[in-house]
Amino acid sequence: VSVKAHKKPWRETPLHESSALSRAAGCRVFLKLENLQPSGSFKSRGIGHYMHRRLLEHPSPHTAHFYCSSGGNAGLACIHASKVFKRPCTIVVPTATSAGIIAKMRASGASKVIQYGANWKAADTFMHEAVMKGDDAIYVPPFDHPDIWAGHETMVEEIIDELYGEKPDAIICSVGGGGLLCGLIQGLDKRGWGHDIDILAMETIGADSLNTSIRKGEHITLPEITSLATTLGCVRVCDEAWEYAQRPNVHSIVLEDAEAAMGCWRLADDERLMVEMSCGVDVALCYDGRLKNALGKKLTKDSKVVVVLCGGSNVTVDLLNEYRRNFGYIEQK
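Residues numbered from 1 in each chain as written. Predicted model: local features only at pLDDT ≥ 70, side-chain atom pairs only at ≥ 80, totals over all residues. Heavy atoms only, no water.

1. Here's the deal with the overall build of the chain
Looking only at helices and strands, the chain has 14 helices and ten strands in total. Against the globule reference of 20 Å for 333 residues, the chain gives a C-alpha radius of gyration of 19 Å, in line with a compact fold. With the principal axes as the frame, the chain shows a C-alpha extent of 55 × 40 × 40 Å. A total of 333 residues make up the chain; the buried ones form 61% of that total. Considering only contacts within the chain whose residues lie at least 6 apart along the sequence, 73% involve residues at least 24 apart. Accessible surface computed for the chain: about 13700 Å², of which carbon and sulfur atoms make up 49%. In the chain, which carries 37 positive and 40 negative side-chain charges, the distance between the mean positions of the two groups comes to 4 Å. (Helix = DSSP H or I, 4+ residues; strand = E, 2+ residues; numbered from the N terminus. Rg over C-alpha atoms; globule rule 2.2 N^0.38 Å. Buried < 20%, exposed > 50% of the residue type's maximum accessible area, 1.4 Å probe, protein only. Contact = heavy atoms within 4.5 Å. Areas by Shrake-Rupley, 256 points an atom, 1.4 Å probe, with all protein chains shown as cover. Lys, Arg positive; Asp, Glu negative; His and termini not counted. Charge placed at Lys NZ, Arg CZ, Asp CG, Glu CD.)

2. A word on the UniProt feature "domain: Tryptophan synthase beta chain-like PALP" (unreviewed entry) in the chain
Per the UniProt record, "domain: Tryptophan synthase beta chain-like PALP" (unreviewed entry) is found at residues 10–311. Each end of residues 10–311 is marked by a C-alpha atom, and these two atoms are 14 Å apart; helix forms 43% of the span and strand 17%. (UniProt positions renumbered as here; feature names shortened; annotations may be inferred.)

3. With respect to the pattern of salt bridges
One pass over the full model with this rule turns up 18 salt bridges. For Arg 45, the salt bridge identified is with Glu 34, shortest N-O distance 2.8 Å. In this pair, Arg 45 sits in helix α2 (residues 43–57) while Glu 34 sits in the loop between β2 (28–33) and α2, placing the two residues eleven residues apart along the sequence. Where Glu 166 meets Lys 304, a salt bridge forms, and the shortest distance between an N and an O atom there is 3.3 Å. One end of the pair, Glu 166, is in the loop between α6 (146–162) and β7 (170–174); the other, Lys 304, is in strand β10 (residues 304–309), and 138 residues separate them in sequence. By sharing partners, the salt bridges in this structure join Glu 259, Arg 266, Asp 288, Arg 290 and Glu 331 into a single network. (Salt bridge = Lys/Arg side-chain N within 4 Å of Asp/Glu carboxyl O.)

4. A short note on the packing of aromatic side chains
Under the criterion given, the structure shown has two aromatic pairs. When the ring of Tyr 116 is compared with that of Phe 126, the centres are 3.9 Å apart and the planes differ by 15°; the resulting orientation is stacked. Taken together, the residues Tyr 116 in the loop between β5 (112–115) and α5 (120–131) and Phe 126 in helix α5 connect sequence positions ten residues apart. When its relative accessible area of 40% is taken as the criterion, Tyr 116 is described as partly exposed. Judged by relative accessible area, which is 22%, Phe 126 ranks as partly exposed. Ring centres 5.4 Å apart and planes at 55° place the aromatic pair Trp 120 and Phe 143 in the tilted group. On the criterion of sequence distance, the pair formed by Trp 120 in helix α5 and Phe 143 in the loop between β6 (137–140) and α6 is long-range, its members being 23 residues apart. The burial state of Trp 120 is the same as that of Phe 143; both residues are buried. (Phe/Tyr/Trp six-rings, centres within 6.5 Å; stacked < 30°, edge-to-face > 60°.)

5. Section: helix α8 (residues 209–216)
All of the buried residues in α8 are Ser 209, Leu 210, Asn 211, Thr 212 and Ser 213. Among the structural elements, α7 (179–191), β8 (198–204), α9 (239–244) and β9 (250–255) are those in contact with the buried residues of α8. Positive phi shows up at Gly 217, right after α8, with a value of about 75°.

6. Points about the sheet that holds β5
Pairing in this open sheet of four strands is parallel, and the strands run β5-β4-β3-β6 from one edge to the other. The open sheet is flanked by β5 and β6, the only strands paired with a single partner. Between one strand and the next, the sheet's axes are offset by a mean angle of 20°, whatever the strand orientation. On the sheet, helix α3 (residues 73–84) packs against β3 (65–69), β4 (89–93) and β6 and is oriented at approximately 175° with respect to β4. Contacts between helix α4 (residues 99–108) and the sheet are confined to β4 and β5, with β5 contributing the most and set at about 160° to the helix. (Pairing = 2+ DSSP bridges. Axes fitted to C-alpha atoms, helices over the stretch in contact; angles between N-to-C directions.)

7. Quick notes on the environment of Leu 255
Among the structural elements, Leu 255 can be located in strand β9. Sequence-wise, Leu 255 and Ala 284 are 29 residues apart; in three dimensions their C-alpha atoms are separated by 8.5 Å. Excluding its chain neighbours within four sequence positions, the residues that come into contact with Leu 255 are Met 202, Glu 203, Thr 204, Ile 205, Val 281, Ala 284, Leu 285 and Arg 290.

8. With respect to the packing of α6 against α7
As a packed pair, α6 and α7 sit with axes 7 Å apart at the nearest point and diverge in direction by 55°. Here α6 is positioned oblique relative to α7, judged by the angle of their axes. When the axes of α6 and α7 are compared, the crossing they make is right-handed. Across from Trp 149, Ala 150, His 152, Glu 153, Met 155, Val 156, Glu 157 and Ile 160 in α6, the residues of α7 making contact are Gly 179, Leu 180, Cys 182, Gly 183, Leu 184, Gln 186, Gly 187, Leu 188, Lys 190 and Arg 191. Residue composition of the contact of α6 with α7, by class: nine nonpolar, five polar and four charged. (Parallel < 35°, antiparallel > 145°, perpendicular 65-115°, else oblique. Left-handed = near helix turned anticlockwise from the far one by under 90°. Nonpolar A, V, L, I, M, F, W, Y, C, P; charged D, E, K, R; others polar.)

In structure tokens:
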């Protein structure tokens, strides 16, 4: 089967209007269910599109071997796409990656999973210097490439189609390395809406490289990641995301880990959906007046807010219960 003939390694996802989150936020809240992607997260779009483009360019696509450095979700997306394309893949993860995610990567079909380094950057450097070998090696970056952003961009037209062409008032998305933010804004720019819609770019304290850069007025690198939302754990956002963040309609918002955890368990209660903390931070904004405070303007019951439910595989029922035990105080606060 030719590379061109392969099916795309991601799917269109529903846009679900949540009555529970709408009541909590005082406006119409729509969840873009990227947690239903084959790999469990939105990464399937960008990583899948990138890998397909590289195979089309490769002189010998049937001998290609993919290599991806990842804290979890990008690696799982790479593994799924490599199965679709019938090619092997090797994943290098930081030592902080959970045993559950590593087991999932191996069970999903990775040729090899290697642990190295305290963070993604260290794992990525090790992969380039010691793991990738030969002309058949194809590097798969987790977030920083135009073809990845183009893959994420595909969700914009789906959102607009499901809103029957109407313009949302705001879109909420997580920021780790910034690939999702880039894709969303590029898609909105093509529609002519890139400067009109409020974009709420969400991070947690301790994984807030974008927000710290904005506060300091320069593109900085965090010394380390201290947040429990490890899949947001990129010490420096990509240059393109930093540039987009200068737009006045892009709002950088940071919440505590406890608030992100609360978003996870309340989403499970309200919508029977399980997501990890890096996605729960988006949901948390819909509760207890946070959304109005973040936007700094009044929302009506007819205002439309889209939450990109980016998903994530590092979540279990036991972990959600642990979040509630450890961070339940946040609801009383």
